[in-house]
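# Chain and residue survey
Chain by chain, the residues run as shown.
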Amino acid sequence: MAAFGSLKTEAGLKELNDHLASTSYVCSGATATQEDFDFLDQAPGNVGAQFPHVRRWAQHIRNLKTKFPFRKWPSAAKDKGEAKSEKGKDQAKLEGLLPGAEVGKVCTRFPPEPSGYLHIGHAKAAMLNSHYARHYQGKLIVRFDDTNPSKEKMEFEESMIKDLATLQVQPDMVSHTSDYFDQLQIAMEDLIKKGKAYVDDTDQETMRAERDKGTASKCRSQPVEENLRRFAEMLKGSEEGLKMCVRGKMDMQSANKCLRDPVFYRCKVELPHHKHGFKYKAYPTYDFACPIVDALEGVTHALRTIEYRDRAAMYEWVLEATGSRKVDVVEFAKTQFSYTILSKRKLAWFVDNGHVDGWDDPRFPTVQGVMRRGMTVEGLQEFVLTQGMSKATNMMEWDKIWAINKQKIDPVVPRYAAVADDAAVLFLDGPAEPQSTMTKKHPKNDELGERLLLQSKEIYIDQEDAAAIEEGEQVTLLHWGNAYVDNITKSNGRVTKLTGRLNVEGNVKDTKKKIHWVPKLDQQVTPAILREFDHLVTKPKMEDDDDLPSLINPASVMDTQAIGDPLLKTLPKGCKIQLERRGYYIVDRPAFQPGRQKVEPMVLVKIPDGKGKDMGMKSKVDPSKLQGAAGQKGEKVKADAGTSPKEKKVNGSVNGDVQAKDSKVQKDEKPGKAKAKAAAKPAERPLEDFSRLNIRVGKITKVWPHETAEKLYCEEIDLGEEKPRQIASGLRAHLKQEEMEGQLVIVLANLKPRKLVGFESQGMVMCATSSEGKVELMQPPAGAKVGERVMAEGLEMLEPDDKLNEKTGKAPWEVLRPGCLTNQSKQGTYNGSLWMTSAGPVTCKSVAGGTIS
């Protein structure tokens, strides 16, 4: 492969341009390789016209990246025996996780129920299924699980098809479970004939109690003939049949209560099926239909979230009992976000009761909601790659996905300016008549071109900037030049007027303040509403029995009336921009709307950027709290104390203007009645909550013997923090100094610092100890990232305690320690759940069945 200089220099670009003059790809092959994408990452976003071959190549590789976001490209370096990672920096392991997967033979399926709109959890499942189907050159099926007519609508099905297209998930086949209703009825009849299912007329409440106690139903042993007669009545929807259901004859004594004779068929006659009307009276449950249809459609790998783990044995039982072909079940963690509702039933409640303006409300986690708020498909795809197929269930904050999204939009969105409508006016010795000039839409991306910039002798500047300027100070007016501010007039503590003179030849390095501005051309400026969103609910972790009305955030929408650049009115709906020093926005309502005679301000929705602080101008929603930054978990977001009267706090509809009676928070109202129970206060969490521990991957950078304590080593350990931690470990009798230096280790990082023979120790290195007293380091696999948190597979991981309480009766570690053991595979576990990193389980070398401390 040819070598090039830095692609940030013209010399390096020229070398690459000369190379590409006679070949399509960097490695001179017939197809793109990983090296093309690596070099593209090094190249500038906009390449000059003097390098035509580089521009052609860069555009082509970008198109490939967009069209095949999950494709694993071959590496020329790897083919030549060079060791080269093919994962992105933060990409989780995705390959090698499907048992028995063969190229050309893999078939996956995404089976949503059409009872709501797709949300971000569905997006992850759909993208993972799509990834594996494309990676193995196999088949992707989208199957609508339409087995409950009381919940399903054609509207939801159509929206899902639309959203999958938006996500660039292109199925090879679209089907419905109802396509197989006749075959499923035959399968159930066969199951009854084999004595593996029975028809039960026990009432729901009694059945629930019997299953809980492990008591067999009175109908469990009735003759096959009677079960077949009853099933026929169910299929007819007769008065007798409506009282019955079909149950699988599994194990009423099973410790797993899901397996205690589950319901496989029930009657639904109240509402028509959205495809078949009233043709069918009895419908299979998901637990019965899904495995059979998976087998019928040729699915090889059924990807399911780990919440279905208890039902995995039922899935296999149905396949075996019906004589269906084997399907491998592959589990991954469910996506969960703090302050976020993913239950379609609860989302529907917000829609039906008018607390939002539809399923695409920007506060909703639906695909349409997050896209309306400014999410990009590329951002979603990369987020899914970082999550991968991990089984560790943890409560995530939104900051990571929005930070990824910011990386996608920052290089390609044009820049404009807007000021709040209480702006101050700066009078300059500028042009007598307004004049125009051209300026770049993006300072670093020439491909976006230029836009018109209007200059006038009077300009608007934000009140916040005006208050910070001192008389006689020189400031820089962005995209114009410097100016001296000679006089400042104030009234009632607010700046009303500034007088100054231009110094456009002045050096911008001489000024401390660089401010944006809008020309005071009142007939041409763009009236705008800058809309920001807080969380829709006030509770970090939602529970099934929550009282939703009491958890509604009454100030989840905050508007700022603004004066925008005249060119803003040319932008269409959905256009993403950056308002300089304010942040990123998406046009939610354009200035010109076809068919509307009434002139209304355009609405710009703020796109979160994952940061804990604002870009420049102070936001009305505290980003550090909104994004769930450290130290802010569970706290209620409050409006800034200095909110202008022009800046409304509103809740409810986010389309257009909101009626005053619904838009004000009453002074005596106390938002957020329910306190956060999860992660807000350690004292409210049980001592046996494993996620209270902050267990991290560390790397020992330095080891030395303690000066006086014969059993202690002193270590410096990198945990990905600003500086290494000092930790003392009693390992001198078990490990040599050279056996520890440079090792990746596991550290309990939220113990309170303590003095050990005069040495302050800031954590504990986790070790396995055998019954014979052998001690070994617990270590992550190669590829684990320094500083990453160790999760417990299958357990919900909330934020850890800041510092663990060590008082008797209140110390989580003392309660949790007995459950921390190594299994027979030498893997770390807590009550059987594996300790996991992004690269795999935590292990020791040889201690099986040992304690961890």
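Residues numbered from 1 in each chain as written. Predicted model: local features only at pLDDT ≥ 70, side-chain atom pairs only at ≥ 80, totals over all residues. Heavy atoms only, no water.

### Considerations on the overall build of the protein
Tallying secondary structure elements over the protein gives 21 helices and 44 strands in all. The burial tally for the protein puts 52% of its 853 residues in the buried class. Of the contacts made within the protein by residues no fewer than 6 positions apart, 70% connect residues no fewer than 24 positions apart. (Helix = DSSP H or I, 4+ residues; strand = E, 2+ residues; numbered from the N terminus. Buried < 20%, exposed > 50% of the residue type's maximum accessible area, 1.4 Å probe, protein only. Contact = heavy atoms within 4.5 Å.)

### Section: the pattern of salt bridges
Counted according to the given criterion, the structure contains 45 salt bridges. Ionic pairing is found between K105 and E102, a salt bridge with its closest N-O pair at 3.3 Å. Using a relative accessible area of 55% as the deciding quantity, one classes K105 as exposed. Relative accessible area serves as the criterion here: at 43%, E102 is assigned to the partly exposed category. Between R531 and D559 there is a salt bridge, with its nearest N and O atoms 2.7 Å apart. Here R531, found in strand β23 (residues 526-533), pairs with D559, found in strand β24 (residues 557-564); they are 28 residues apart in sequence, far enough to count as distant. Residue classification places D559 among the buried positions, given a relative accessible area of 5%. It is possible to trace a salt-bridge network through shared partners that takes in D201, K218, E226, R229, R230 and E240. (Salt bridge = Lys/Arg side-chain N within 4 Å of Asp/Glu carboxyl O.)

### Let's talk about unusual backbone geometry
Of note in the backbone geometry, D261 takes a positive phi value of approximately 45° without being a glycine. For Y339, which is not glycine, the phi torsion reads 55° and is therefore positive. Tracing the backbone shows Y339 in the loop between β10 (336-337) and α12 (344-352).

### Describing helix α5 (residues 120-135)
Compared with the 22 Å implied by 1.5 Å per residue over 16 residues, the 22 Å span of α5 between its first and last C-alpha is a close match. Of all 16 residues in α5, 14 are buried; the element is thus mostly enclosed. At the C-terminal side of α5, Q137 shows a positive phi close to 55°. (Expected span 1.5 Å × (residues − 1).)

### Looking at the pairing of strand β5 (residues 245-248)
For a regular strand, side-chain orientation follows a simple rule: the groups alternate between the two sheet faces. Residues C245 and R247 line one face of β5 and the alternating positions V246 and G248 line the opposite face, and both faces are buried. The sheet contact formed by strand β4 (residues 197-200) and β5 spans four bridges and is antiparallel. Residue pairing in the sheet places A197 in a bridge with G248 of β5. Sheet topology note: the β5/strand β6 (residues 263-267) ladder contains three bridges and is antiparallel. Within β6, the residue paired with R247 across the bridge is V263. (Pairing = 2+ DSSP bridges.)

### Things to note about the sheet that holds strand β18 (residues 474-477)
Spatially, the seven strands line up as an open sheet ordered β21-β18-β19-β20-β14-β17-β22, and their pairing is mixed. Both outer strands of the open sheet, β21 (514-515) and β22 (518-519), are each paired with one neighbouring strand and no more. When β18 meets β21, the two strands line up parallel, connected through two bridges. Each residue of the ladder has a partner; that of T476, found in β21, is K514.

### Quick look at the nonpolar core
Core analysis: the largest hydrophobic core is formed by 51 residues, its most contacted members being L303, L380, M389 and I401. Apart from residues lying up to four places away in sequence, L380 is in contact with I120, M127, L167, M371, M375 and I401. Counting residues in hydrophobic clusters, the runner-up holds 29 residues, among them A187, L191, M234 and F264. (Core = buried A, V, L, I, M, F, W, Y, C linked by side-chain atoms within 4.5 Å.)

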